[in-house]
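# Notes for the structure review
Below, each chain spelled out in residue letters.
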Amino acid sequence: MTASGQRSETSPTMESPTAMRRLLSADMVERDGCPFDPPPGVRERRGKGSVQPLKLLNGASGWLVTGLDEARTVLSDVRFSSDRVRHRDATQLQAHEVEQMATTAAPEVESRTDGMFVFMDPPEHTRLRRPLTGWFTVRRMRALESRIREIAVEHIEAMRAAGAEADLVPAYALPIPSLAICELLGVDYADRAEFQERTAIALNSNTSDDERARAGLELYGFIQELVAAKRAKSADDLLSGLVHDADPPLTDAQLVDVALVLLGAGHETTANMLGLGTFALLENPDQLAALRADPALLDNTVEELLRYLSIIQMGVSRVATEDITVAGVEIPAGSTMIIATPEVNRDPRHWSDPDRLDVRRSRTSHLAFGHGVHQCLGQQLARVEMQVGLGELFTRLPNLRLAVPADQVPLRNEMLIFGVHSLPVTWA
């Protein structure tokens, strides 16, 4: 399948992998010391209020939310909007747009015709998300588990066949969620290499803006052709279900957007959790030993890694649609609220010794998957991918360890989603 396509200019796009980094000072994004702790600029704000003013490098002002209860409030209160078409989100503005805000009215939009439901409010969000929920139930994800296990084992055996060292990111962490998304969307086996290649370039910060833009357009065209194929011949996959069963029907443009949302939300996030989660366990040998001694801790280990690592750095934002008070702080209408997920998930009011990785910690309600109506649709899939991916990796490669000193592992400090660019490992 060859691909070429053009995206509508009237709907919001998924963020560039480096977009948020351009808006925040280095100390708010780049991690020092322990690579698993929140950045120093975020850590220094602990104890200084759960809602704090934040100045962005584009000249806009916003509010940083560092408390768990306050983050839940912002993410569940309908007065905080996700709609980036009707409301000016400061994290999406260029400097000249910030300067014009006082004199330019926000656009008036009667209805949204795109499919970027993560940037919508109900009822538009509800209409697009509802047909998807049945595809992400625990039952369906468990049914997919055996295929995910096959993918994991195939890639472990391929690493072993190639020698005793590998870069775990391209060899293992990236293919698992990529191929799982292929299974869900119904990408033909013959087209999966092309799909993975386009996706890898579009989500890679090491490529130029032009290369990413070109790969993004090619990926958009690829999915356009996939939608057309599903219209012509239905199959037992998510995209076919949306094409033929959605009521009211979705347009081709909406279908492509929905597929891109699922790809962006479910591919890079899980890949980085697999890479960074492996790194964290290797750097905490007592916790890895506890998991090896008691495999029943695997589910708990995944939840603790999700809390402890919190790879969505500053990517979740909302806009206040009216004057609101949060934690005693007066938030004016039009203000952008930015959730500091790494700090929220270490709120000392909710976790004892929150900066410690503890795979035996009692399972708690973290915000790694968000909260409210926008809580991650694919969270059960992500859990299965992590449980299978980490479980098979440490079972089949019992001598797994880093092949380089820990301080030589390149971190994704410039990225919206934190992780490692590569993870050289050996099992000799």
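Residues numbered from 1 in each chain as written. Predicted model: local features only at pLDDT ≥ 70, side-chain atom pairs only at ≥ 80, totals over all residues. Heavy atoms only, no water.

### Points about the overall build of the chain
- Secondary structure summary: the chain contains 16 helices and 10 strands in total.
- For 428 residues, the compact-globule formula gives about 22 Å, and the C-alpha radius of gyration of the chain, at 21 Å, lands near that figure.
- Along the first, second and third principal axes, the C-alpha set of the chain runs to 65 × 60 × 40 Å.
- In the chain, the share of contacts with a sequence separation of at least 24, taken over all contacts with a separation of at least 6, comes to 73%.
- Summed over its atoms, the accessible surface of the chain is roughly 18000 Å², and 51% of this surface lies on carbon and sulfur atoms.
- Averaging the locations of the 44 positively and 60 negatively charged side chains of the chain gives two centres separated by 3 Å. (Helix = DSSP H or I, 4+ residues; strand = E, 2+ residues; numbered from the N terminus. Rg over C-alpha atoms; globule rule 2.2 N^0.38 Å. Contact = heavy atoms within 4.5 Å. Areas by Shrake-Rupley, 256 points an atom, 1.4 Å probe, with all protein chains shown as cover. Lys, Arg positive; Asp, Glu negative; His and termini not counted. Charge placed at Lys NZ, Arg CZ, Asp CG, Glu CD.)

### As for unusual backbone geometry
- For the peptide bond that leads from Pro 122 to Pro 123, omega is 5°, which places it in the cis range.
- Residue position: Pro 123 is located in the loop between helix H3 (95–100) and helix H4 (124–133).
- Of note, the bond from Asp 247 into Pro 248 is cis; its omega dihedral lies within 30 degrees of zero at 5°.
- Note that Pro 248 resides in the loop between helix H10 (238–245) and helix H11 (252–266).
- Despite not being glycine, Ser 310 shows a phi value in the positive range, around 40°.
- Inspection of the secondary structure assignment puts Ser 310 in the loop between helix H14 (298–309) and strand E5 (316–320).
- If you check the backbone angles, Asp 353 has positive phi at about 45° while not being a glycine.

### Some thoughts on the sheet that holds strand E9 (residues 401–402)
- Within the open sheet, the three strands sit side by side as E4-E10-E9. Their pairing is antiparallel. Bordering the open sheet on either side are strand E4 (165–167) and E9, each of which pairs with just one other strand.
- Sheet topology places E4 next to strand E10 (residues 424–426); three bridges connect them, and they run antiparallel. By the bridge assignment, Asp 167 is partnered in E10 with Pro 424. (Pairing = 2+ DSSP bridges.)

### Observations regarding the sheet that holds E5
- If you trace the five strands from one edge of the open sheet to the other, you get E1-E2-E8-E5-E3, paired in mixed fashion. One side of each edge strand has no neighbouring strand; the edge strands of this open sheet are strand E1 (51–55) and strand E3 (80–81).
- Pairing of strand E2 (residues 61–65) with strand E8 (residues 336–339), which is carried by four bridges, proceeds in the parallel orientation. By the bridge assignment for E8, Gly 62 is matched with Thr 336.

### Comments concerning the pattern of salt bridges
- Applying the stated criterion across every chain, the model contains 32 salt bridges.
- A salt bridge links Arg 346 to Asp 37; the shortest N-O distance between them is 2.6 Å. You can see Arg 346 sitting in the loop between helix H15 (341–344) and helix H16 (379–396) and its partner Asp 37 sitting in the segment before helix H1 (40–43), a full 309 residues away along the chain. Per residue, the accessibility class of Arg 346 equals that of Asp 37, and both read buried. (Salt bridge = Lys/Arg side-chain N within 4 Å of Asp/Glu carboxyl O. Buried < 20%, exposed > 50% of the residue type's maximum accessible area, 1.4 Å probe, protein only.)

### Regarding the packing of helix H5 (residues 138–161) against helix H7 (residues 175–185)
- The interhelical angle for the contact between H5 and H7, taken along N-to-C directions, is 135°, at an axis separation of 10 Å. The orientation of H5 with respect to H7, classified from their angle, is oblique. Read as a crossing pair, H5 and H7 show a hand that is right-handed. Together, Met 141, Leu 144, Arg 147, Ile 148, Ile 151, Ala 152 and His 155 of H5 and Pro 175, Ile 176, Leu 179, Ala 180, Glu 183 and Leu 184 of H7 make up the contact between the two elements.
- Taken together, the residues that form the contact of H5 with H7 break down as 10 nonpolar, one polar and two charged. (Axes fitted to C-alpha atoms, helices over the stretch in contact; angles between N-to-C directions. Parallel < 35°, antiparallel > 145°, perpendicular 65-115°, else oblique. Left-handed = near helix turned anticlockwise from the far one by under 90°. Nonpolar A, V, L, I, M, F, W, Y, C, P; charged D, E, K, R; others polar.)

### Observations regarding empty space enclosed by the protein
- Inspection of the entire model under this criterion finds three cavities of 30 Å³ or more.
- Empty space within the largest cavity amounts to approximately 60 Å³.
- What lines the largest cavity is simply Asn 300, Glu 303, Glu 304, Arg 307, Arg 361, Ser 362, Arg 363, Thr 364 and His 366.
- The residue makeup of the lining of the largest cavity, split by class, is no nonpolar, four polar and five charged. (1 Å grid on protein atoms, 1.4 Å probe; cavity = no way out; pocket = protein on both sides within 12 Å on 5 of 7 lines; lining within 4 Å. Points joined across faces, edges and corners; volume = space filled by probe spheres on them.)

### So, the pairing of E8
- Here E8 shows two buried faces, one formed by Thr 336 and Ile 338 and the other by Met 337 and Ile 339.
- Pairing between E5 and E8: four bridges, direction antiparallel. Considered in E8, the bridge of Val 316 is made with Ile 339.

### Focus on the pairing of E2
- Of all five residues in E2, four are buried; the element is thus mostly enclosed.
- Counting the residues that bridge the hairpin from E1 to E2 gives five residues, and of these Gly 59 lies at a positive phi of roughly 95°.

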